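Each chain, written out:
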Amino acid sequence: NAGVTQTPKFRVLKTGQSMTLLCAQDMNHEYMYWYRQDPGMGLRLIHYSVGEGTTAKGEVPDGYNVSRLKKQNFLLGLESAAPSQTSVYFCASSYRGGGETQYFGPGTRLLVL
Amino acid sequence: KQEVTQIPAALSVPEGENLVLNCSFTDSAIYNLQWFRQDPGKGLTSLLLIQSSQREQTSGRLNASLDKSSGRSTLYIAASQPGDSATYLCAAPRGYSTLTFGKGTMLLVSP
């Protein structure tokens, strides 16, 4: 039982490049989340999904897109990376919504030059 | 809009001390509150989830309380150890689907 896994662990991008971050969970959770964590700003929600085929915007969705084609996977895309997107990205999942414990992945450290 | 504040931002104590971490939230219409731990360079790990009907939840040396009327929660750590050094975050529900996190309290326990 791997829990929540994230790929890649670390990535360096140049401004304007695109990339996709992959999150996978093997706990059959309905809800999945993407957060970014920045010094002094705390953990902020980017997008989330309440089930396969659904997505919704969080606090800071601009510049990101997401897809949830399979229940176990939640993809976060950056179409044209900007230095402001340098951050640590965390994926999380829960069986249901805010009333349930969220399980976090180990994070992806992204540096945009 | 739910806002979550944690005080202090950082705390340094000698090993063996009992300590209290504070969390306050603005929307008291919550049905639970969660406490997480984050080690440097790692993801968050859930410590305790307190239902609004429980008022307290215990796990080993950790005890979390919830007072909805005052908009406050506390995490009590008994007999602190160097291994307790980490950042502790609280999170309150925002609506049904998501959580709002505080910025955390960075705890350092010295041997």
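Residues numbered from 1 in each chain as written. Chains lettered and ligands numbered in written order. Predicted model: local features only at pLDDT ≥ 70, side-chain atom pairs only at ≥ 80, totals over all residues. Heavy atoms only, no water.

### A short note on the interface of chain A and chain B
Item 1. Of the residues lining the interface, 24 residues belong to chain A; the matching set on chain B comes to 20 residues.
Item 2. Summing both sides of the interface, chain A and chain B together bury roughly 1,600 Å²; the carbon and sulfur share of this comes to 53%.
Item 3. Here chain A is connected to chain B by one salt bridge.
Item 4. Arginine 94 of chain B is the salt-bridge partner of glutamate 59 of chain A, the closest N and O atoms lying 3.8 Å from each other.
Item 5. In this structure, the connection of chain A to chain B is made through four residue pairs in polar contact (both at pLDDT 80 or more).
Item 6. Counting residues per element, the ones that place at least two in the side of chain A that touches chain B are β4 (31-38) and β5 (42-49) of chain A.
Item 7. Grouping the amino acids of the side of chain A that touches chain B by side-chain chemistry returns 11 nonpolar, nine polar and four charged. (Contact = heavy atoms within 4.5 Å. Buried area = accessible area lost by both parts, 1.4 Å probe. Salt bridge = Lys/Arg side-chain N within 4 Å of Asp/Glu carboxyl O. Polar contact = N/O pair within 3.5 Å; in protein donor to acceptor, adjacent residues only side chain to side chain. Helix = DSSP H or I, 4+ residues; strand = E, 2+ residues; numbered from the N terminus. Nonpolar A, V, L, I, M, F, W, Y, C, P; charged D, E, K, R; others polar.)

### Let's talk about the sheet that holds strand β3 (residues 19-25) of chain B
All names here are of chain B.
Item 1. Spatially, the five strands line up as an open sheet ordered β1-β3-β8-β7-β6, and their pairing is antiparallel. Unpaired on one side and paired on the other, β1 (4-7) and β6 (56-59) mark the two borders of the sheet. Strand-to-strand twist in this sheet, taken as the mean axis angle between neighbours without regard to direction, amounts to 15°.
Item 2. Across four bridges, β6 lies against strand β7 (residues 62-67) in antiparallel orientation. Its bridge partner being in β7, glutamine 57 is matched across the sheet by alanine 64. (Pairing = 2+ DSSP bridges. Axes fitted to C-alpha atoms, helices over the stretch in contact; angles between N-to-C directions.)

### Examining the state of the cysteines
Item 1. Evaluation of the coordinates by the stated rule reveals two disulfides over all chains.
Item 2. Here cysteine 23 of chain A is linked by a disulfide to cysteine 91 of chain A, with a sulfur-sulfur distance of 1.9 Å. Residues cysteine 23 of chain A and cysteine 91 of chain A are joined by a disulfide whose S-S torsion is about -75°; by sign, that bridge is left-handed. In this pair, cysteine 23 of chain A sits in strand β3 (residues 19-25) while cysteine 91 of chain A sits in strand β9 (residues 87-94), placing the two residues 68 residues apart along the sequence. When sorted by exposure, cysteine 23 of chain A lands in the same class as cysteine 91 of chain A, which is buried.
Item 3. A sulfur-sulfur distance of 2.0 Å marks the disulfide that ties cysteine 23 of chain B to cysteine 90 of chain B. Looking along the S-S bond of the cysteine 23 of chain B-cysteine 90 of chain B disulfide, the torsion reads about 80°, which is the right-handed sense. A residue pair is termed long-range when its members are at least 10 positions apart, and cysteine 23 of chain B in strand β3 and cysteine 90 of chain B in strand β9 (residues 86-94) qualify at 67 residues. (Disulfide = S-S within 2.5 Å. Buried < 20%, exposed > 50% of the residue type's maximum accessible area, 1.4 Å probe, protein only.)

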